[in-house]
Structures are given as C-alpha cells and as structure tokens.
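If you want the building blocks of each chain, they are given just below.
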Amino acid sequence: MAGKPSPVKTKSQTKPSRYSNVGFRFLGAKEDTTLYGTVLVRDREMVLDIPEGGDSAYLIVGTAHEHWFEGRNSGQEMLNDVNAKWAAIGNNFVGIWIETGHEYLFSFELGSSAGSPP
C-alpha cells in the first residue's frame, strides 16, 4: 500500500523526534474523549506525555517490540494504573489502553498534520 513512511524508526535513530499538540482519542463503552499531549520518539521507545489526563497526568514510556509498543503509566501524579499497547499504521497509531480495569481503544497521529491545540 502506497503512502507516507512511518515517522517511527525502531532500529537505530540518532536524534529524538518530538511531536507537540498531538490529539489522543479514547473510545470506550460510554466515552469518546480527546486529550492533547506530546510524543517523543527515541531509539526503541515512544513516550506519550498527556498532562491533562482528567484526574491525573499520564506518562507512558512505550518500549518497541516486533511490531508494536507497550508501556505503563509512570507519571509522578499517577492516580490510575494504565497499561497501553499500540501499533503504527502509516502515521497513525492505534491501540488498547487499560486503565483501572476499563478498556479503551485509543488512537493518535504523528506528522505535519497531527493534532491541533485544544
């Protein structure tokens, strides 16, 4: 399938890439929410920093696996345990966000058209 190459490099990357004002969309049984944050892509890691996470901020350091990233919330103001897994589809990322026993689908996009200020 033709398209733009993914901005994520899971092999050797010399300089981290930072994406600001990234919109993270969360879909649950009774929820459709968008939160804004920053994504930092560095060698074999992707960091999701969402400072406006409702009751608490989220800081997920995702480690690259074969075809996906996985991480847990490690924010200093962490009130909720979060485990997240996500994969790239071009410049889009989709995954599962499990927070205190509740499952959400979540997605975000990296690139020049990613996000907009809240």
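The structure we're discussing is the one just above.
The rules we used
Starting from 1, residues in each chain are numbered consecutively following that chain's sequence as written. Side-chain atom pairs in this predicted model are given and counted only at pLDDT of 80 or more, local residue features only at pLDDT of at least 70, and totals for whole chains, interfaces and linings cover all residues. Hydrogen atoms and water are omitted, and side-chain values are computed over all heavy atoms in the structure. Runs of H or I in DSSP of at least four residues are treated as helices and runs of E of at least two as strands, each being numbered from the N terminus. Whether a residue is buried, partly exposed or exposed follows from its accessible area with a 1.4 Å probe, protein chains only, as a fraction of its type maximum: under 20%, in between, or over 50%, in that order. In what follows, residue pairs with any heavy atoms lying within 4.5 Å of each other are defined as contacts. Areas reported here follow the Shrake-Rupley algorithm with a probe of radius 1.4 Å; residue values treat only the protein chains shown as occluding. As used here, the term nonpolar core means buried Ala, Val, Leu, Ile, Met, Phe, Trp, Tyr and Cys residues forming a set that is joined through side-chain atoms within 4.5 Å. The rule for pairing is simple: two strands pair if DSSP sees at least two bridges between them. For helices, the axis comes from a line fit to the C-alpha atoms of the stretch in contact; other axes are also lines fit to C-alpha atoms, and the angle between any two N-to-C directions lies between 0 and 180 degrees.

Caption draft 1: Representation of the overall build of the chain within the structure. On a plain count of helices and strands, the chain comes out with zero helices and eight strands. Reading the helices (α) and strands (β) of the chain from amino to carboxyl end gives β-β-β-β-β-β-β-β. When each of the 118 residues of the chain is scored for burial, the buried share is 36%. Across the chain, contacts joining residues at least 24 apart in sequence account for 33% of those joining residues at least 6 apart. Total accessible area computed for the chain in this model is approximately 7,200 Å², and 51% of it derives from carbon and sulfur atoms.

Caption draft 2: Here's a closer look at the nonpolar core. Residues Val39, Met46, Leu48, Trp86, Trp97, Phe108 and Leu110 are the most contacted members of the largest nonpolar core, which totals 23 residues. Listed by contribution, the elements that provide at least two residues to this core are β1 (17–28), β2 (31–42), β3 (45–50), β4 (58–64), β6 (82–89), β7 (92–99) and β8 (102–109). Top element by residues in this core is β1. It accounts for four residues. Sequence-distant contacts of Trp97, that is, excluding residues within four places in its chain, are made with Phe26, Ile50, Tyr58, Ile60, Val82, Asn83, Ala84, His102, Glu103, Tyr104 and Phe106.

Caption draft 3: Fine view of the sheet that holds β8. Pairing in this closed barrel of eight strands is antiparallel, and the strands run β1-β2-β3-β4-β5-β6-β7-β8 around the ring. Sheet twist, expressed as the mean angle between neighbouring strand axes with direction ignored, is 30°. With six bridges joining them, β3 and β4 adopt antiparallel strand pairing. Each bridged residue has a counterpart across the sheet, and for Asp49 the counterpart in β4 is Leu59.

Caption draft 4: Expanded view of the side chain of Thr38. Its location among the elements puts Thr38 in strand β2. Given the relative accessible area of 16%, Thr38 is considered buried. Non-local contacts of Thr38, meaning those with residues more than four positions away in its chain, are made with Arg18, Tyr19, Ser20, Phe24, Val47, Leu48 and Asp49.

Caption draft 5: Spotlight on unusual backbone geometry. With a phi close to 60°, Arg44 is a non-glycine residue in the positive phi region. Examined against the element boundaries, Arg44 turns out to sit in the loop between β2 and β3. Arg44 sits in the partly exposed class, given a relative accessible area of 36%.

Caption draft 6: Quick peek at the pairing of strand β5 (residues 69–72). Burial of β5 is one-sided: the residues Phe69 and Gly71 facing one way are buried, the residues Glu70 and Arg72 facing the other way are not. Note that β4 and β5 share two bridges and pair antiparallel. Looking at the pairing, Ala64 lines up with Phe69 of β5. A loop of four residues connects β4 with β5, the two strands running antiparallel in sequence. Summarising the sheet, β5 and β6 pair through four bridges and their orientation is antiparallel. The residue bridging Gly71 from the neighbouring strand is Ala84, located in β6.

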